[in-house]
2 protein chains.
Amino acid sequence: MKKYKGYFIDLDGTMYRGTEKIEEAEEFVKKLKEKGISYLFMTNNSSKTPKQVAEKLISLGIPAEEHQILTSSIATANFIWERKQNASIYVIGEEGLRKALEEKGFRFVDENPDFVVVGIDRNINYEKLAKACLAVRAGATFISTNGDTALPTERGLLPGNGAITSVISVSTNVQPIFIGKPEKIIVEQGLKMLKTKKEETLLVGDNYETDIKAGIQSGMDTLLVHTGVTTKEHLKHKEIQPTYTVNNLSEWHVL
Amino acid sequence: MKKYKGYFIDLDGTMYRGTEKIEEAEEFVKKLKEKGISYLFMTNNSSKTPKQVAEKLISLGIPAEEHQILTSSIATANFIWERKQNASIYVIGEEGLRKALEEKGFRFVDENPDFVVVGIDRNINYEKLAKACLAVRAGATFISTNGDTALPTERGLLPGNGAITSVISVSTNVQPIFIGKPEKIIVEQGLKMLKTKKEETLLVGDNYETDIKAGIQSGMDTLLVHTGVTTKEHLKHKEIQPTYTVNNLSEWHVL
């Protein structure tokens, strides 16, 4: 085990499951805070604002401030800002995504946008998908907050943003730029926010396909916690293993 | 050129374009009728009933009766009927599909169906997609009327049923059984309806990827007409060419 200067911490399956708290999460984050170690919550969930996420964490006893939250929506807004500050955008998505784009001053348009941005939208309809397809065919840059194909809920696995995004990619034959984990884009923004180097930062999460792959692809150490998506049985078959694996975060000794 | 006992005729791009008539279509079908040659209109469009399709053709001067229309919805209902006559179905789709399934007496259910059936639905929403995903994950047989990725309209190319279907296949990682062209399923049903052999039946259509491929895969002769989707430029690059190609149907001599 190694001493890390910074931690990236996943949310759903790592800090909580839906509305249910994961017991060991609170102690883990409190230890980081006591030791003065930097940490950033990094989530593919585009639907909530950093403020909403921080409030939820605090309500679960987990110390968190707004500036410590990096959602795929914030990362998407940053990504576009670096490319075109006065961009026009056609957006499919919920409050977290709309707010993040609004705060950068981007213009929302229905036709001929510079960018089409797709995040999870549980009010999706045919007209929204039609407008996105027309815009992508007309040459708009196609961005999707994250490629998660399924959304774990108490009802079971519902369609995730990657599945909704596929309507547009299949129809237009244009592949989107994905921003969230396992892509490097969100990880690199996280490193800038924490001001730590990748060699001294640990990525913590429950999902091999998003969290752990994001770390591997970015050349970071990773900690897989079996409180969410990826089971031991699943993990066994992966060629590249996480740097560390624990059953729950109480097993992790913060140095 | 050869004398054919039966003709399969595509609709959109072959008989009409949206609401606009294709001039040469009327004369072509009238000649078939005069000569007593059997013909069947075969369409991937699942949204209309055979009655509605026949009425539209008649309004354009094209002789057509209900029993001469094979939609992907009718083919889907037949396909399920051959497998399970008292099937329960969760359906996403418009009137043509619902009516076709209703007429077979299938039960529509929201949970634990035997089959999930997806056809174009311009009132698609997240809840419909969620129910379909849950049912497919629970083991329902997943059927899609057709795999067309784009729908030509006066606004441009909008998402087709294949693109909508991809939400479920991407989310569940289960591939559907497609019924419409270019699949053989609809073609084989057409041959039974016309009571002709495939060697003596000609498949006529404007779209290489659906119509012509359906003919090729079924071992039938094909006639591509350049009044719709596939241009000469596109056709040039195809390894397997249609048996015949014409600019419009007045160039086709009915023997």
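In the block above lies the structure referred to throughout.
The rules we used
- Residues numbered from 1 in each chain as written.
- Chains lettered and ligands numbered in written order.
- Predicted model: local features only at pLDDT ≥ 70, side-chain atom pairs only at ≥ 80, totals over all residues.
- Heavy atoms only, no water.
- Helix = DSSP H or I, 4+ residues; strand = E, 2+ residues; numbered from the N terminus.
- Buried < 20%, exposed > 50% of the residue type's maximum accessible area, 1.4 Å probe, protein only.
- Polar contact = N/O pair within 3.5 Å; in protein donor to acceptor, adjacent residues only side chain to side chain.
- Contact = heavy atoms within 4.5 Å.
- Buried area = accessible area lost by both parts, 1.4 Å probe.
- Salt bridge = Lys/Arg side-chain N within 4 Å of Asp/Glu carboxyl O.
- Nonpolar A, V, L, I, M, F, W, Y, C, P; charged D, E, K, R; others polar.
- Pairing = 2+ DSSP bridges.
- Axes fitted to C-alpha atoms, helices over the stretch in contact; angles between N-to-C directions.

## Digging into the side chain of Ser73 of chain B
Residues and elements named next belong to chain B.
(1) Moving on: Relative to the helices and strands, Ser73 is located in helix H3 (residues 72-83).
(2) Moving on: In this structure Ser73 comes out as buried when scored by relative accessible area, which is 0%.
(3) Moving on: At 2.8 Å, the side chain of Ser73 and the backbone oxygen of Ser46 are in polar contact.
(4) Moving on: In this structure the side chain of Ser73 is engaged in a polar contact, spanning 3.4 Å, whose partner is the backbone nitrogen of Leu97.
(5) Moving on: With residues near it in sequence (within four places) discarded, Ser73 still touches Ser46, Gly96, Leu97 and Ala100.

## A word on the interface of chain A and chain B
(1) Moving on: Listed per partner, the contact involves 29 residues of chain A and 29 residues of chain B.
(2) Moving on: Carbon and sulfur atoms make up 65% of the area that chain A and chain B hide from each other, which totals about 2,300 Å².
(3) Moving on: Summed over the three residues of chain A that lose the most area to chain B, namely Tyr126, Arg155 and Pro159 of chain A, the buried surface amounts to 30% of that side.
(4) Moving on: As a salt-bridge pair, Arg155 of chain A and Glu127 of chain B come within 2.9 Å of each other at their nearest N and O atoms.
(5) Moving on: Scanning the region where chain A abuts chain B turns up seven residue pairs in polar contact (both at pLDDT 80 or more).
(6) Moving on: If you list the elements that add at least two residues to the side of chain A that touches chain B, you get helix H5 (126-137), strand E10 (150-153), strand E11 (156-159) and helix H6 (161-172) of chain A.
(7) Moving on: Here the element with the most residues in the side of chain A that touches chain B is H5 of chain A; it accounts for eight residues.
(8) Moving on: Its residues assigned to classes, the side of chain A that touches chain B comprises 16 nonpolar, seven polar and six charged.

## Describing the sheet that holds strand E1 (residues 6-9) of chain A
Residue and element names in this part refer to chain A.
(1) Moving on: Spatially, six strands are ordered E5-E4-E1-E13-E14-E15 in an open sheet, and the strand pairing comes out parallel. Taken across any chain shown, the strands that pair with only one partner, and hence form the sheet edges, are strand E5 (69-71) and strand E15 (244-246). Strand-to-strand twist in this sheet, taken as the mean axis angle between neighbours without regard to direction, amounts to 20°.
(2) Moving on: With four bridges connecting them, strand E13 (residues 201-205) and strand E14 (residues 221-225) associate as parallel partners.

Nothing here speaks to function; it is geometry throughout.
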